[in-house]
Amino acid sequence: MSEFITALTDHAFLRTALLAGLLASIGCGVIGTYVVVKRIAFLAGGIAHSVLGGMGAALYFGFDPLLGALIAALVSALIIGGVRLAWSAQEDTLVGALWAIGMAVGILFIAKTPGYSTDLMSYLFGNILLVPQRDLWLMAGLDLALVLTVALFYRQFLAVSFDEEFARLRGVPVTFFYLLLLCLVAVTVVLLIQVVGLILVIALLTLPAAVAGHYVHSLGGMMVIATLLGIGFTSGGLALSYTPDLPAGPTIILLAGAVYVASAVLSGLLTRRRARRLAQRPVPAAMPAVGGILGPAGPNP
Amino acid sequence: MSPTLHQAPSQSLSQSLSQAGSGSLSQPVIAVENLGFSYGDNPVLVGVDLVIAAGEFLGLVGPNAGGKSTLLKLILGLLAPQTGRIRVLGRPPREARRQLGYVPQYPTFPRDFPISVEQVVLMGRLGLGSQLGWYRPADRVAVRAALAEVEALDLAPRRIGTLSGGQLQRVLLARALVGEPRILILDEPTANIDQRVEGDIFELLARLNARLTILVVSHDIAFISGYVKRVACLNRTLICHRTEAVDGDLLHRLYHADVRAVAHGH
């Protein structure tokens, strides 16, 4: 660990990597909270994987792959959202199909791109150590867009996540906000691809928020805690991977996964202990009224 | 010349008088005409006519799958009529939506959602005032008033998943009331709670009826007939009756089976 801290002062690329992790964590904390409470992890997975289509196309036509990823993520978010709204009965089949089709398109484009061969692994599994400085600005811009949108429409997103039918009755344009939420998920996916790659994105999108959900019971609280956990996971994973020279992406995910499992066990134990203590408590305050009625009839003299 | 001059104002006076008269109690707040709706090949509602006047407390009863919830969804504008038409407060349902307070039969949200009772009730304020940013202090005042009205003020900081069935119904009622509705629509508000609490909730509705028109769906005709002013019986088609007319013959026609009528006074 101390070796990592020394390296941090020596190497600019490590500081960039740390900053990239921090910027990605804001997205994963804020939007990951919605993914967890609205239970759209599968949709988010579909969006993440079909992004490869856009990255491949961008590479083939000579654009910035990250720009291609952003466009592909937004398009696939709208398609997946449209599919869910129009054919909700076959949602899982259709999302699964888009998931695979997007990847297939991407791999064909990459295969036909002249001179290309090495970067596929870093798209799939990310490489936080190779994030270029200028991408940090793009990531910061995307974070700002995410946080501003959520802050402006916090009530609407909360209502649409909690109870779509009631939100519709209160005049909230539910379809619009649902699709907007999926677009925010798409933007977050692009943020996280830099760090852990598109296959592992889904873990960072769900695990920090899920751990936060074990302990706090408000959406805003979950967002803050999940962001802090995300920073902990990315920085911690980066530090752990440095000395044994492991790939950073999988190390980050394994750290997040381990913390999630430990937290699930711990919060399960805490809940059970609280329930046991409640059961052992003497008669609660509301009960004496019943006791008063039963009292005279109870112990027969 | 002069008689026509005299007549004209008196005519318009009587016209405006009759309009004013119909504008108060007798004007329908909900008018359903020849409504038909089916899911696929399965007709759920056929030729339904229903007029609800301002200030009514109407109980909508009928067997399961008799179309009660579907009729509510049509009145709320969540579904569109396939034949016939619906007017709510003189407008199409979608436009009148925000004047309606709705209490669903089953909570349509996950019980483990990380949200407090106060936050849930605040959602009833959506659609009032500015759409941007966070709630205003006036919204929080309205939420406290609505929770106090349903006698659930102490529940405000609780997490929604920790409430009992009766407490949850009160909170959902507060969420409907806080939007300042003119009509309250409830779908089986007491389906999942015990009978003592059921009575409390209907007492509460009877009090609210002093200022609101109320439409309540129930499968329990015997129970609600003690509270509501009029009962409408729905089994694909609609038969309207006053409270007194609920008898064995009607129950038989409605449920196609003998139902033991339970006599009870309130």
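Residues numbered from 1 in each chain as written. Chains lettered and ligands numbered in written order. Predicted model: local features only at pLDDT ≥ 70, side-chain atom pairs only at ≥ 80, totals over all residues. Heavy atoms only, no water.

> Explain the overall build of chain A to me, please; I cannot follow it from the model alone.
Of the regular secondary structure elements, chain A holds 13 helices and 0 strands. Along its sequence from the N terminus, chain A presents helices and strands in the succession α-α-α-α-α-α-α-α-α-α-α-α-α. Split into buried and exposed, the 301 residues of chain A put 48% on the buried side. Accessible surface, chain A as shown: approximately 14,100 Å² in total, 72% of it carbon and sulfur. (Helix = DSSP H or I, 4+ residues; strand = E, 2+ residues; numbered from the N terminus. Buried < 20%, exposed > 50% of the residue type's maximum accessible area, 1.4 Å probe, protein only. Areas by Shrake-Rupley, 256 points an atom, 1.4 Å probe, with all protein chains shown as cover.)

> Can you walk me through empty space enclosed by the protein in this structure?
Space left empty within the atom packing is revealed by a probe, the size of a water molecule, rolled over the atoms. One pass over the full model with this rule turns up 1 cavity of 30 Å³ or more. Estimates place the volume of the largest cavity at around 60 Å³. Lining the largest cavity, in full, are Phe-166, Leu-169 and Arg-170 of chain A together with Leu-76, Arg-97, Leu-100, Gly-101, Tyr-102, Gly-124, Arg-175 and Ala-176 of chain B. When residues of the lining of the largest cavity are traced back to their parent elements, those giving at least two are helix H9 (164–169) of chain A together with strand S5 (100–103) and helix H6 (165–177) of chain B. Considering every element that reaches the lining of the largest cavity, the biggest residue donor is S5 of chain B, with 3 residues. For the lining of the largest cavity, a count of residues per class yields 6 nonpolar, 2 polar and 3 charged. (1 Å grid on protein atoms, 1.4 Å probe; cavity = no way out; pocket = protein on both sides within 12 Å on 5 of 7 lines; lining within 4 Å. Points joined across faces, edges and corners; volume = space filled by probe spheres on them. Nonpolar A, V, L, I, M, F, W, Y, C, P; charged D, E, K, R; others polar.)

> I keep staring at a positive patch on the surface and nothing clicks. Help me out?
On the surface, a cluster of positive charge is contributed by Arg-272, Arg-273, Arg-274, Arg-276 and Arg-277 of chain A. Looking at the element boundaries, Arg-277 of chain A is found in helix H12 (residues 248–280). (Patch = residues over 30% accessible without salt bridge, like charges linked within 9 Å, V, L, I, M, F, W, Y side chains within 5 Å. Salt bridge = Lys/Arg side-chain N within 4 Å of Asp/Glu carboxyl O. Lys, Arg positive; Asp, Glu negative; His and termini not counted. Charge placed at Lys NZ, Arg CZ, Asp CG, Glu CD.)

> Whenever I open this one, the packing of helix H3 (residues 41–61) of chain A against helix H10 (residues 174–213) of chain A confuses me. Can you help?
Residue and element names in this part refer to chain A. The N-to-C vectors of H3 and H10 enclose an angle of 70°; their axes lie 8 Å apart at closest approach. Considered as vectors, H3 and H10 are oriented roughly perpendicular to each other. Of H10, the residues touching H3 (which contributes Ala-41, Leu-43, Ala-44, Gly-45, Ile-47, Ala-48, His-49, Val-51, Leu-52 and Met-55) are Tyr-178, Leu-182, Val-185, Ala-186, Val-189, Ile-193, Leu-198, Ile-199, Val-201, Ile-202, Leu-205 and Thr-206. Of the residues assigned to the contact of H3 with H10, the class counts are 19 nonpolar, 3 polar and no charged. (Axes fitted to C-alpha atoms, helices over the stretch in contact; angles between N-to-C directions. Parallel < 35°, antiparallel > 145°, perpendicular 65-115°, else oblique. Contact = heavy atoms within 4.5 Å.)

> For this particular structure, what's the right way to read the layout of surface pockets?
Computed from the structure, the largest pocket encloses a volume of approximately 550 Å³. Around the largest pocket sit 22 residues that line it, and Gly-213, His-214 and His-217 of chain A together with Asp-112 and Arg-159 of chain B are the ones nearest its centre. Elements with a minimum of two residues in the lining of the largest pocket: helix H2 (12–37), H10 and H12 of chain A. For the lining of the largest pocket, the element with the most residues is H12 of chain A, which contributes 6 residues. Its residues placed into classes, the lining of the largest pocket shows 12 nonpolar, 6 polar and 4 charged. One number sums up the size of the second largest pocket: a volume of about 320 Å³. What lines the second largest pocket is a set of 16 residues, among which Ser-122, Tyr-123, Leu-130, Asp-135 and Gln-194 of chain A lie closest to the centre. Only helix H4 (65–86), helix H6 (120–125), helix H7 (133–152) and H10 of chain A provide two or more residues apiece to the lining of the second largest pocket. Among the residues making up the lining of the second largest pocket, the classes are represented as 8 nonpolar, 4 polar and 4 charged.

> Could you clarify how one ought to interpret the interface of chain B and chain A in this entry?
Frequently, the measure chosen for interface size is the accessible area that the parts lose on association. Listed per partner, the contact involves 32 residues of chain B and 25 residues of chain A. Where chain B abuts chain A, roughly 2,800 Å² becomes buried across the two surfaces, and 61% of that area is made up of carbon and sulfur atoms. Linking chain B to chain A there are 2 salt bridges. For Arg-39 of chain A, the salt bridge goes to Asp-112 of chain B, with nearest N and O atoms at 2.9 Å. Seen at the junction of chain B and chain A, the total is 7 residue pairs in polar contact (both at pLDDT 80 or more). Going through the elements one at a time, S5 and helix H4 (117–122) of chain B are the ones with two or more residues in the side of chain B that touches chain A. In terms of residue class, the side of chain B that touches chain A is built from 17 nonpolar, 8 polar and 7 charged. (Buried area = accessible area lost by both parts, 1.4 Å probe. Polar contact = N/O pair within 3.5 Å; in protein donor to acceptor, adjacent residues only side chain to side chain.)

> Just to check I follow, could you spell out the packing of aromatic side chains for this structure?
Under the criterion given, the structure shown has 15 aromatic pairs over all chains. On the numbers, 5.1 Å between centres and 90° between planes, the contact of Tyr-60 of chain A with Phe-61 of chain A is edge-to-face. The class for Tyr-60 of chain A is partly exposed, based on a relative accessible area of 37%. Its end group placed over the ring of Tyr-178 of chain A, Arg-84 of chain A keeps NZ or CZ at 4.4 Å from the ring centre. The cationic tip of Arg-155 of chain A hangs over the ring face of Tyr-135 of chain B; the distance from NZ or CZ to the ring centre is 4.9 Å. (Phe/Tyr/Trp six-rings, centres within 6.5 Å; stacked < 30°, edge-to-face > 60°. Lys NZ or Arg CZ within 6 Å of the ring centre and 35° of its normal.)

> When you look at the sheet that holds strand S1 (residues 28–39) of chain B in this model, what are you seeing that I'm missing?
In a beta sheet, neighbouring strands pair by backbone hydrogen bonds and run either parallel or antiparallel. Residue and element names in this part refer to chain B. Strand order in the open sheet formed by 3 strands is S2-S1-S4, and the pairing between neighbours is antiparallel. Both edges of this open sheet fall to strand S2 (42–53) and strand S4 (83–88), since each of them pairs with a single strand only. Looking at each pair of strands side by side, their axes are set apart by 15° on average, direction ignored. Here S1 pairs with S2 via 8 bridges, running antiparallel. From the neighbouring strand, Phe-37 faces S2, where its bridge partner is Leu-45. (Pairing = 2+ DSSP bridges.)

> Please explain the side chain of His-49 of chain A as it appears in this structure.
For His-49 of chain A, the location among the structural elements is in helix H3. Discounting chain neighbours no more than four positions away, the residues touching His-49 of chain A are Trp-99, Gly-102, Met-103, Leu-198 and Ile-199 of chain A.

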